[in-house]
Amino acid sequence: MTLCFVKSTYLVALSLMKMPFRQLLLTTVCILLVAISFSQSKSAYVSGKVVDENENPLSKVSIAILGQSKGFTTNDSGLFRIKVTAEKAFALVFTYTGRNAVQKNFLLSEGEEETIIIRLERGDKTLETVVVTDQRDRREAGLIRPNPKTILNLPSAITGVESLIKIFVGSNNELTSQYSVRGGSYDENLIYVNDFEIFRPYLVRSGQQEGLSFINPEMVRGISFYNGGFQAKYGDKMSSVLDIQYKKPKRFGGSAYIGVLEQGLQFEGISKNSKFSYLLGVRNRSNKNLLGKQDTQGNYVPSSADFQALLTYQFNPKWSAEILSNISQTKFSLIPQFSQLTTSVYSPIFTTTIGVDIFFEGREKDQYQTNMLGFSLINQVSKKLKLKWMASRFENDETENIDIIGSYLFGERDFDKRNPTYGLIINPLGAGVYHNWARNELNIENWNVSHKGNYEQGKHAFQWGVGYDKTKIADRLNEWEFQDSAGYALPYQPNMLQLSKVLKSTANLDINKFSGYLQDNILLGDSNNSTTLTAGIRFNYNSLNKEFLISPRIGASWKPNWKKDIIFRLAAGAYHQPPFYRELRRYDGSVNVNLKSQKSWQGVVGFDYNFVGIGGRPMRWTTEAYYKNMTDVVPYDIDNVRIRYFGENNAKAYAAGIEMRLHGELVEDAESWISLGIMKTSEDIAGDHYFRYKNAAGEFITAQSTDQVVDDSVRFDVGWLRRPTDRRVTFGMYFSDYLPTNKNFKMYLNLLYGANMPYNIPGATRYRNAAVIDPYIRADIGFSALLMDDDRSKRRSHSPFRNFDNIWASLEVFNIIDRANTISYLFVKDFSNTVYLLPNRLTPRLLNFKIVARW
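Since we're looking at a predicted model, the values are computed, not measured.

Before going further, it helps to spend a moment on a positive patch on the surface. On the surface, R221, K248, K250 and K386 cluster together into a positively charged patch. Inspection of the secondary structure puts K250 in the loop between β14 (240-246) and β15 (253-259). Judged by its relative accessible area of 41%, K250 is partly exposed.

Following this line, the structure appears as structure tokens:
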């Protein structure tokens, strides 16, 4: 059945404090899909038991769905089971005379059943004002808590939580799971899974080589993303925290998805006595179809697979244990053949439109393997006190093997289709050969032992933690590059063969790190007029550079007693980042073991405003302004996803900006996000300068030469420059919709925009970051149809699908506008050392099909 519909203009009328704000959203969508729909009904279930503080069942407890008049009660055993609408946020309110009311929020998939235990304590308090939103993500600065159920629906070249995060922080590369937050580098982001810190491969040069992200989206229960101003309990990085919590299974179930790019299988279950539970996931991915239309034609063989397991055991009500393990392997093989580029290129002294043809020999073969094993022991001593002990081992084993020769011819290309030379270089400007060779090996092993706990007393919630890390790094770097232009090796030396770059180094590091934190969360006031205060301090000691750091951090929020539901919040503190592997490496390959931590003081201020939008649907608008002042900065350059550091604390920097986000149902029962960011980040590298020369007449000359005698020189200090991550404007939107006559046919739109970014010309101090990468614009769209719902009454007893909850089919169009986004530049030199920049493009338009089944 072919469907085509156009949904035109949505007018969102917002108001804040007596200040009118209007936003017009125009979305035009056309769907072409073949599908079968058996039913339009959607339902899920919430079941469980209500008990008192002594675990005794409570009967006749009133249960109400917030906003509805319909109510339920528990039976004589305190049990209940309620049928609810799936894929729609709702809240259950439990009330009983003489006991404090409790509210629980839910968002369930079709056929999903969540089992809960509700404890009602004695007291005279009632639930005065109930909001279906978790107040925590409104009170903490920088905290965003997206719905993990939207991950597989999000049309994106990379399936994962990180693709959802890019809507909030922006992106310039759809092939990578890495991201930049508020002007920071990829290495400034923390990632935790069930409180275990996660590490990424370090030798990856391009998004083409990346495999699966560590985070398995089908295993995720909760996402907490901090894009700044995070608390002292989180580690020592300067930009962001991604805190992932995996599911805790309550029944047997699972899911499977099969797509052109990625396939996955997930199982979960619990023992009969409810003490042992398991969560298992296996994935496989190949980017071969994504890379098949790259500018560089050749034989791409990328593959990635992983296996993850989360095992939990409940010894008794107070003691439980957890094991998290991961085995991941990514392989990338490339035998390049031919590349043909045509573009307008420029250098500091030359601008023209040229083409380049490159013929390749050789191959590249890389492998990245990650193993992780973590164990935690949890002791719920009492309702107020919880203790957790953790131990983990994380290992990255990476190898790079590159041996590629490229012969190129560049010049004016014939664009006249009437000529027999159409598409060929007809006016050569230069020719040459380059040879890249590398044999690099890296092994990083990290052992961690830590303890954390929390204790609640009255209006205080104390949290503390201590940890010890032992990191071993074994690195062997051996690579060189040869460049030839018009038969002359560059840099040119008569009677001598020169390599343009040689890196040869070996490093064996043994690093011990101690860290810890102590913080107090204080709640003052009542639900109508409340203030929260979070004050904490963090310490870190690194044996490599013998540096001891203290990082105080504070956060606060205030909810005034106004008619408008608004919360003001702020955060400030020190965010210092000790060096790790990549920061230690200088450009020449040497290791600076005396490198100090990069230091920053940051401030964030903003508000969170809940209001009723069009159609009476709840909406949420958040705005934050921030400023970062950074010292002892280690400058770096970015080439694709590879970061090359200077290896010296020789810069200072700052970042300032404002972010705005709108979240809610632009269409009823369909979640959407809109995010807009404006930012500026600059750096000043100490001692960077250049000279300009004058002749005897006092005129500036471009360079020293035999026919121009230098009489004088003038030194120019470079001063403040744009950082490699300086993207002034970012915009992201996730928009979902459905057919008005049938909600089983859905549409998802993922739209990203990022303003231009600077790009460095190597060795050109005067023109550092002078090149510019054009704005990144990308739109991905997906269409989904429900093939089978949770109504099992229509299924035959011998049907292989009789136990399935639902099956969805999706058709996705990546880069629907077919924009040729640029990720980096290829530098081509002629004999006079004039630099030509030719863009390396990202992926063109591509179709993807996948089926997702859950049981």
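Alright, that's what it looks like, and here's the rest.
In this section: the sheet that holds strand β5 (residues 71-73). Across the sheet, four strands lie side by side as β5-β4-β7-β8; this open sheet has antiparallel pairing. Whereas interior strands pair on both sides, the edge strands pair on one side only; in this sheet they are β5 and β8 (99-106). Taken pair by pair, the neighbouring strands of this sheet meet at an average axis angle of 20°, ignoring direction. Sheet topology places strand β4 (residues 62-65) next to strand β7 (residues 90-96); four bridges connect them, and they run antiparallel. Paired with I63 across the bridge in β7 is F94.

Turning our attention to the sheet that holds strand β9 (residues 113-119). On the basis of which strands lie adjacent, the open sheet formed by three strands has the order β6-β3-β9 and mixed pairing. Edge positions in the sheet fall to β6 (79-84) and β9, since each has one partner strand and no second. Looking at each pair of strands side by side, their axes are set apart by 20° on average, direction ignored. In terms of strand pairing, strand β3 (residues 44-51) meets β9 through seven bridges, oriented parallel.

Across the nine residues of helix α2 (residues 161-169), nine count as buried, placing the element largely inside the fold. Among all positions in α2, only V161, E162, S163, L164, I165, K166, I167, F168 and V169 are buried. Of the residues flanking the end of α2, it is G170, one or two places downstream, whose phi is positive at about 90°.

Glancing now at the packing of aromatic side chains. Within this structure, the stated rule accounts for 37 aromatic pairs. Ring geometry for W319 versus W389: centroids 6.3 Å apart, planes at 10°, classification stacked. Here W319 is found in strand β19 (residues 319-347), whereas its partner W389 is found in strand β21 (residues 385-413), with 70 residues between them in sequence. The class of W319 is partly exposed, set by a relative accessible area of 32%. An angle of 65° between the planes, with centres 5.5 Å apart, marks the rings of F804 and W855 as edge-to-face. Here the residue F804 occupies a position in the loop between β43 (776-788) and β44 (806-814), and W855 occupies one in the segment after β47 (846-854), the gap between them amounting to 51 residues. The exposure class assigned to F804 is buried, which follows from its relative accessible area of 18%.

On to the pairing of strand β31 (residues 636-639), then. Bridge count between β31 and strand β32 (residues 642-645): four bridges; the pairing is antiparallel. Directly across from D639, in β32, lies its bridge partner R642.

By the definition in use, this model includes 44 salt bridges. Residue R778 pairs with E174 through a salt bridge whose shortest N-O separation is 3.3 Å. Taken together, the residues span a long stretch of sequence, with R778 in strand β43 and E174 in the loop between α2 and β11 (189-193) at a distance of 604 residues. In this structure, R205 engages E479 in a salt bridge whose closest nitrogen and oxygen atoms are separated by 3.0 Å. Placement of R205 in the loop between β12 (196-197) and β13 (220-226) and of E479 in strand β23 (residues 460-485) is noted, with a sequence separation of 274 residues between them. Judged by relative accessible area, R205 falls into the buried class, the value being 17%. Looking at E479, the relative accessible area reads 3%, which means it is buried.

Cut-offs and rules
Residues numbered from 1 in each chain as written. Predicted model: local features only at pLDDT ≥ 70, side-chain atom pairs only at ≥ 80, totals over all residues. Heavy atoms only, no water. Patch = residues over 30% accessible without salt bridge, like charges linked within 9 Å, V, L, I, M, F, W, Y side chains within 5 Å. Areas by Shrake-Rupley, 256 points an atom, 1.4 Å probe, with all protein chains shown as cover. Salt bridge = Lys/Arg side-chain N within 4 Å of Asp/Glu carboxyl O. Lys, Arg positive; Asp, Glu negative; His and termini not counted. Charge placed at Lys NZ, Arg CZ, Asp CG, Glu CD. Helix = DSSP H or I, 4+ residues; strand = E, 2+ residues; numbered from the N terminus. Buried < 20%, exposed > 50% of the residue type's maximum accessible area, 1.4 Å probe, protein only. Pairing = 2+ DSSP bridges. Axes fitted to C-alpha atoms, helices over the stretch in contact; angles between N-to-C directions. Phe/Tyr/Trp six-rings, centres within 6.5 Å; stacked < 30°, edge-to-face > 60°.

Any functional reading would require information that these geometric values do not contain.
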